[in-house]
Amino acid sequence: MSYPFSDIESKWQKRWEEQGAFRAVMGKSASSKKYYLLEMFPYPSGRIHMGHVRNYTIGDVMARFRKAQGCQVLHPMGFDAFGQPAENAAIKKGVDPAAWTYDCIAQMRDGLKKLGISYDWDRELATCDADYYRWNQWIFLKMAEKGLAYRAKSPVNWCPSCQTTLANEEVIDGECWRCHSKVDPKLLEQWFLKITAYAEPLLNDLDKLAHWPDRVRAMQRNWIGRSEGVEIFFSVKGTGEKLPVFTTRPDTIFGATYVVLAPEHPLAKKLSAGTPQEKPVAAFAEAVARRSKIERTAEGVNKQGVFTGGYAVNPVNGETIPIWIADYVLMEYGTGAIMAVPTHDQRDFLFAKEQKLPMRVVIQGGEGGGEGAYVGEGVLVNSAQFSGLKNTDAKKKIALWMEEKGHGKRVTQWRLRDWLISRQRCWGTPIPMIYCAACGVVPVPEDQLPVRLPEKLPITGEGGSPLAKVKEFVETTCPCCKKPARRETDTMATFFDSSWYFLRFCSPKETQLPFDPKEAAHWMPVDQYIGGIEHAILHLLYSRFFTKFLKDIGLLSVDEPFTRLLTQGMVLKDGEVMSKSRGNVVDPDGVIEKHGTDAMRLFILFAAPPEDQLEWNDSGIDGVDRFLNRVWNLVERLDGYAPTESNGTETKELRRITHATIKRVTDEVDAFKFNTAISALMEMRNAIEKSWGKVPTDAARESVEALVCLLNPFAPHIAEELWQKLGHSDLLAIRTWPAYDPTLLTQSEVSIILQVNGKLRSKITLPKDAPAEQVKASALADPAVQKWLEGKAPRDIIIVPNRLVNLVI
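Presented here is a report on the structure given in the accompanying data block.

Parameters at a glance
- Residues numbered from 1 in each chain as written.
- Predicted model: local features only at pLDDT ≥ 70, side-chain atom pairs only at ≥ 80, totals over all residues.
- Heavy atoms only, no water.
- Axes fitted to C-alpha atoms, helices over the stretch in contact; angles between N-to-C directions.
- Helix = DSSP H or I, 4+ residues; strand = E, 2+ residues; numbered from the N terminus.
- Parallel < 35°, antiparallel > 145°, perpendicular 65-115°, else oblique.
- Contact = heavy atoms within 4.5 Å.
- Nonpolar A, V, L, I, M, F, W, Y, C, P; charged D, E, K, R; others polar.
- Buried < 20%, exposed > 50% of the residue type's maximum accessible area, 1.4 Å probe, protein only.
- Polar contact = N/O pair within 3.5 Å; in protein donor to acceptor, adjacent residues only side chain to side chain.
- Pairing = 2+ DSSP bridges.

### Focus: the packing of helix 20 (residues 618-638) against helix 24 (residues 716-725)
Taken N-terminus to C-terminus, the directions of helix 20 and helix 24 make an angle of 10°; their axes are 10 Å apart at the nearest point. With respect to their mutual orientation, helix 20 and helix 24 come out roughly parallel. Packed against helix 20, whose contacting residues are Leu-628, Val-631, Trp-632, Val-635 and Glu-636, the element helix 24 presents Ile-718, Glu-721, Leu-722 and Lys-725 at the interface. Across the contact of helix 20 with helix 24, the residue classes tally to six nonpolar, no polar and three charged.

The following block contains the structure:
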């Protein structure tokens, strides 16, 4: 019969809330260490799913563990509540996006409370609340004051399904990150944040993040993409117009056989004007404009291009080479122009081979022009005075020589681009800018914040921003000249909201600033952050940018937001990600109804290490269920416990196992090895069962109480109930973590199995690491063994130290 989980879970959730067990307060004691644990907050789509259960249960174990260790723990929860799903619901169901969102928040809050997560609900926030997005607008204005928020006309990524722009980071394999529609390029005037101003510290400070996964740091490092190189001054033949070309390989300059421009490069149209190439160049540029940057630069895709009709002069040797446009060159990288060295760059090689362009080897070590380019190290050839140098040495020498001769200059380029934040949606933070015919673009004064969203939004799904259709919102007065003006109708990308929410949790009721700098100085940085690898570039990079900016304007004392990062694996069923379309979704409510919250939590934690994918297994949760019931039965039986024999060796061994388990679980939880920690608890329960009736009551009670305390972070409801059954009135939620006695960890005696011809016949207890002669003598003297020997001497005695003796007769 199962223990009454449904009764005790609601009971203890209510008790924790009534007693404010998880309320975070700034400690007055200098010895009390702060611990800020945060899981990435959810989008409120309705009921929680198993991915939520795993993410938040992992965090809860560590929050409860650190609290028990005496830390002041901040463990808040909120909702990333702006975004397109609410607008989609408004279109499909005719509901108000705000009402839909708050209804979903209520459902998710209830679901999270059912999990027994140790949140400080007094700090709850939702990014769609005006008292939150007011500070989005304030931060935007501060960025604008510093020249970091600006408006520009630029080719942007356009999602035709979402009817809005996307940042580069939101385009994944040429598709919208949200709806997976193919992304089209479009020319629009948009708002950007100058994240590139922070490229250097964003890159360099990755070295500080020693407790982040290497994979995440590598992804950010590659995205920021620092390139040391040379800007070489080619010139256009016939006009002498300078044509700057960026390269990271100045050692190959003598091997350049053509120049390639991005199709958007202004020189492309100019060179082809009035020539037979004018129409082909224009047609190609138009076709490329309809393709995403991801498509254009993807590996394994044939690169296409067109000759412009113009020629460039290589400044180092005066050679005239053709100028092409090609899809694989992007205007925003470098100068929008490259020199092509097909013998030593595979992409150039494939293009040159396709277009039958010339090739010249300049690094001896492998011959280009065959199956592929040679990209290894070697000695320069065909490179004038630099021939004979190692190419690695020649890079710097050629760069310095070009600077000296005025042929080029050393520069640093970045792959990172400014962050496009404009969205043509209505369920988001209004951008606090006003357009005045007389004054131009004017910021909304701070004392007029927040610029509130209208209560009734005409969301139809048709193109354009719904806000632009609300006259009362659009029409306003210029704060400078007091004449009629109009508001900006774009809203901010929702990643703006999540780029600083962790700071608002430090003081969510603050009314004068986005957060109280004193509270932030106490709690920041977040000690442990938990979330999915899919946010490695988007959210995590933006959060680092905001933190550095807010430090620069004097609100923060830290320049990195998250000290430790754990990226948890996904929850699978039948080898695939759970989804309604696959019909493999496991509903947490159904599992709770059948097994209880604690069993679900324990299985999620036991089935796989946090970083790995987890395969849901119904038989696995049955096993965990049985374990919890066995622990329940242990406590119930303890009440009438009466030892039938008193064995000093058994008592010593049980106490050793108890204290060794306390140490092991402490170490394993500290290292996020929850599955092995739970395995240790199962082994401990077996050891208690094995010693039942053979040890004094106080020894049995010590072990059972330790087991219940150690179980608490993983299965807190049953642990609290069992603690109460054991006669305690205090909450485990606020009780100190059990300590182990180091003097009890050493095993002074061991139980040795005695076998005769490989079959178990008896057991003896001896000092650990007893000499072999003592082990033999004790084995031969054992009455049960003597019976089987029948007075004969064994032919052989095999000893496995501290484990067994096998006598062969």
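### Thoughts on helix 11 (residues 346-355)
Buried residues of helix 11: Asp-348, Phe-349, Phe-351 and Ala-352, and no others. Among the structural elements, strand 10 (258-261), strand 11 (305-313), strand 12 (320-326) and strand 13 (337-340) are those in contact with the buried residues of helix 11. The backbone nitrogen of Arg-347 has a side-chain oxygen 3.0 Å away, supplied by the residue at the start of helix 11, namely Asp-345. Just downstream of helix 11 lies Lys-356, where phi reads positive at about 60°.

### Focus on the sheet that holds strand 22 (residues 484-487)
Sheet strands pair via backbone hydrogen bonds, and the direction of the pair is either parallel or antiparallel. Pairing within the open sheet is antiparallel, and its four strands lie in the order 20-19-22-21. Of all strands in the sheet, those with a lone pairing partner are strand 20 (440-443) and strand 21 (475-477), marking the two edges. Ignoring which end each strand starts from, the neighbouring axes of this sheet average 45° apart. Here strand 19 (residues 433-436) runs beside strand 20; their pairing, made up of four bridges, is antiparallel. Bridge pairing links Ile-434 to Val-442 in strand 20.

### Thoughts on the pairing of strand 12
The element strand 12 is largely enclosed, with a buried count of six among its seven residues. As paired strands, strand 10 and strand 12 are joined by three bridges and run parallel to one another. Within strand 12, the position partnered with Val-259 by the bridge is Ile-323. Two elements, strand 11 and strand 12, share six bridges in a ladder whose sense is antiparallel. Bridged to Val-306 within strand 12 is Ile-325. Between strand 11 and strand 12, which pair antiparallel in sequence order, lie six residues; one of them, Gly-318, sits at a positive phi of approximately 70°.

### Description of the sheet that holds strand 25 (residues 562-567)
Strands sit in the order 2-1-24-25 across an open sheet of four strands; the sheet is parallel. Sheet topology places strand 2 (72-74) and strand 25 at the edges, where each strand pairs with a single neighbour. This sheet shows a mean twist of 20° between the axes of neighbouring strands, independent of strand direction. Where strand 1 (residues 34-39) meets strand 2, three bridges bridge the pair, whose relative direction is parallel. Residue Tyr-35 lies in a different strand from strand 2, and its bridge partner there is Val-73.

### Overview of the pairing of strand 9 (residues 242-247)
Relative to strand 9, strand 8 (residues 226-236) runs antiparallel, the two being bridged by six bridges. Bridge pairing in strand 9 places Ser-235 opposite Lys-242. Between strand 8 and strand 9, which follow one another and run antiparallel, lie five residues, and Gly-238 among them has a positive phi close to 100°.

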